[in-house]
Amino acid sequence: MKNDIKSALASLRKGQAPGNREILQEISVGSEFIMDFWKEKYMAHYLAMGGSKIKFVTGRTGSGKTHFLEILAMEAENLGYISVSLSARELWIHDFKEIYTAILRQVNLLERLQLCSHEVIRQLGYDPEIIPKNISFADYLSSEGLLDPLTKREIRHQLEKLFLANPLIDNNFALACAMLTGGILGHPTLEEANCKLLMLWLEGSREAKLSSLRRLGLSPSKVTKYNARHMLRSLVEACCLAGFKGLVISIDNMEVLVSADSAETIRYSRLKREDAYESIRELIDEIDTLKHTMFVFSFDRSLMDDDVRGLKSYQALWMRIQNEIEGKRFNRFADIVDLDRLLDEVYTPENIVKMSTRLAQVINRFDAGATPISLNTAEELHARSRFGKVSLPRKVALTTLQEGAE
């Protein structure tokens, strides 16, 4: 059995998302109630037309938050977006520079600029597919006797048109992208050391010396939490130039803001926690300056319920995200998606049985020890679902495994 299958099964046995997309899609029940709506209203139209959106996903332990984010990433990629999946346990979210650099690394900018180079090649009247993989476009033209001064000038013109003439890209970011893409094309040539220098600056590294960058023609400043959102806007636009519809960014495990690393130590001090809330507040207020971007923040209910340290403790943020009207029916337009409230809408006893059956089939295909629960058991779980700290989806998973172990 492959390691990824073993890892997926181990996660399922704990009632957690499997981290395997094929298995994830097979066992998913109920997520389409929200996902299909987001695909239609946001990803298919609003984001693709240049809009941006921020959503918050919450619920009790095991309510399917991580599962939902994994489905979101898969659906976003299927629709032509780049998905970025981050965890607040692995980066400091009080400094937006940290978020930007984590996004940049996952996006893999050089691969996206490779696609931008294809657009330059097409603009010069060539098919990128005819260029051998092991040589640059400039080397190919040279081998054909076509790399004359006029062609070189046209390559530079197309790079300027693609990046520097774009008002949505910071001038220094645009110049860096033009130079990196030129390096990929083979003209204008870019030494490997300078390529590394430009990437270090884009990543906000302290190793990137501004004096060295100025010699390349840039007039840059250090990437900070104050200009990181502007850099992110440039990054998103570069990805769109590469042929993608935009970015869908999820940040999971936000409850780390109020939870402890150990029994004694709180990971975030009050000042850092308030900086994190302020950073999210600023992102909400400036979301219209971003294009083709969706942020989804996910957290356990503790971040909602803790009045002293949670979201409600920072009124400047809470007043922007709270749902002003709570109706009996689930509002799919709401900025806060409470998965616990989906019980009556989605997790009927019949769907609970379906969920359990799919889970048991997946586990028993590779291993043994899972039995689908009965309709009576599903009705009991549904009736008790509003009580306790563990949510219904995890109870279903654990009950399916326990019954199989008897």
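Only a predicted model underlies this, so the values are computations on that prediction, with no experimental measurement involved. Numbering of residues begins from 1 in every chain and follows the order in which that chain's sequence is written. Thresholds applied to this predicted model are a pLDDT of at least 70 for local features of residues and 80 or more for the giving and counting of side-chain atom pairs; totals over whole chains, interfaces and linings are not thresholded and use all residues. The side-chain figures draw on all heavy atoms in the structure; neither hydrogens nor water molecules are used.

A. Region of interest: the nonpolar core. Residues Ile-103, Leu-202 and Phe-295 are the most contacted members of the largest nonpolar core, which totals 86 residues. A run of H or I in DSSP becomes a helix once it reaches four residues, and a run of E becomes a strand once it reaches two; helices and strands are each numbered from the N terminus. If one sorts the elements of this core by residue count, helix H9 (residues 171–185) sits on top with nine residues. The criterion used for residue contact is that any of the two residues' heavy atoms lie within 4.5 Å. Filtering out sequence-adjacent residues up to four positions away, Phe-295 remains in contact with Lys-53, Ile-54, Lys-55, Phe-96, Ile-99, Ile-103, Leu-232, Ile-249, Ile-251, Leu-283 and Leu-290. Grouping buried Ala, Val, Leu, Ile, Met, Phe, Trp, Tyr and Cys residues that are joined through side-chain atoms within 4.5 Å yields what is termed a nonpolar core. Remark: exposure states derive from per-residue accessible area (1.4 Å probe, protein chains only) relative to the maximum for the residue type, with buried under 20%, exposed over 50%, and partly exposed in between. In terms of nonpolar packing, the next biggest core, distinct from the first, is built from 31 residues, Phe-37, Trp-38, Tyr-347 and Leu-381 among them.

B. Up close: unusual backbone geometry. The amide bond that connects His-187 to the next residue, Pro-188, takes the cis arrangement and shows omega of -10°. Structurally, the position occupied by Pro-188 is in the loop between H9 and helix H10 (192–202). The backbone phi angle of Asn-108 is positive, close to 60°, even though this residue is not glycine. Along the chain, the position of Asn-108 falls in the loop between helix H5 (96–107) and helix H6 (109–123). A relative accessible area of 32% places Asn-108 in the partly exposed class.

C. Focus on the environment of Asp-288. Within the secondary structure layout, Asp-288 lies in the loop between helix H13 (270–285) and strand E4 (293–300). Judged by its relative accessible area of 60%, Asp-288 falls in the exposed class. Through-space distance from the C-alpha of Asp-288 to that of Lys-53 is 8.3 Å; in sequence the pair is 235 residues apart.

D. Structural view of the pairing of strand E1 (residues 52–59). Along E1, seven of the eight residues are buried, which leaves the element largely enclosed by surrounding structure. For E1 and E4, the ladder comprises eight bridges, and the chain directions are parallel. Across the sheet, Thr-58 pairs through a bridge with Phe-299, a residue of E4. Note on pairing: DSSP must find at least two bridges between two strands before they are called paired. Pairing analysis gives three bridges linking E1 to strand E5 (residues 336–338), with the strands arranged parallel. Bridge pairing in E5 links Thr-58 to Asp-338.

E. Highlighting the packing of H6 against H9. Between N-to-C directions, angles cover 0 to 180 degrees, with each direction set by a line fitted to C-alpha atoms, over the stretch in contact for helices. At a minimum axis distance of 9 Å, the contact between H6 and H9 shows a crossing angle of 70°. Viewed along their axes, H6 and H9 adopt a mutual orientation that is roughly perpendicular. Contacts between H6 and H9 pair Leu-110, Leu-113, Gln-114, Cys-116, Ser-117, Val-120 and Ile-121 from the former with Cys-177, Leu-180, Thr-181, Ile-184 and Leu-185 from the latter. Its residues assigned to classes, the contact of H6 with H9 comprises nine nonpolar, three polar and no charged. Just so you know how the angles are binned, under 35 degrees is roughly parallel, over 145 roughly antiparallel, 65 to 115 roughly perpendicular, and the rest oblique. Residue polarity is assigned by list, with Asp, Glu, Lys and Arg as charged and Ala, Val, Leu, Ile, Met, Phe, Trp, Tyr, Cys and Pro as nonpolar; anything else, Gly included, falls into the polar class.

F. Highlighting the environment of Phe-163. Mapped onto the elements of the fold, Phe-163 is located in helix H8 (residues 149–164). Classification of Phe-163 by relative accessible area gives buried; the value is 0%. It is 9.7 Å that separates the C-alpha atoms of Phe-163 and Ser-234, two residues lying 71 residues apart in sequence. Dropping the residues within four chain positions of it, Phe-163 is found in contact with Leu-113, Cys-116, Ile-169, Ala-174, Cys-177, Ala-178, Thr-181 and Leu-241.

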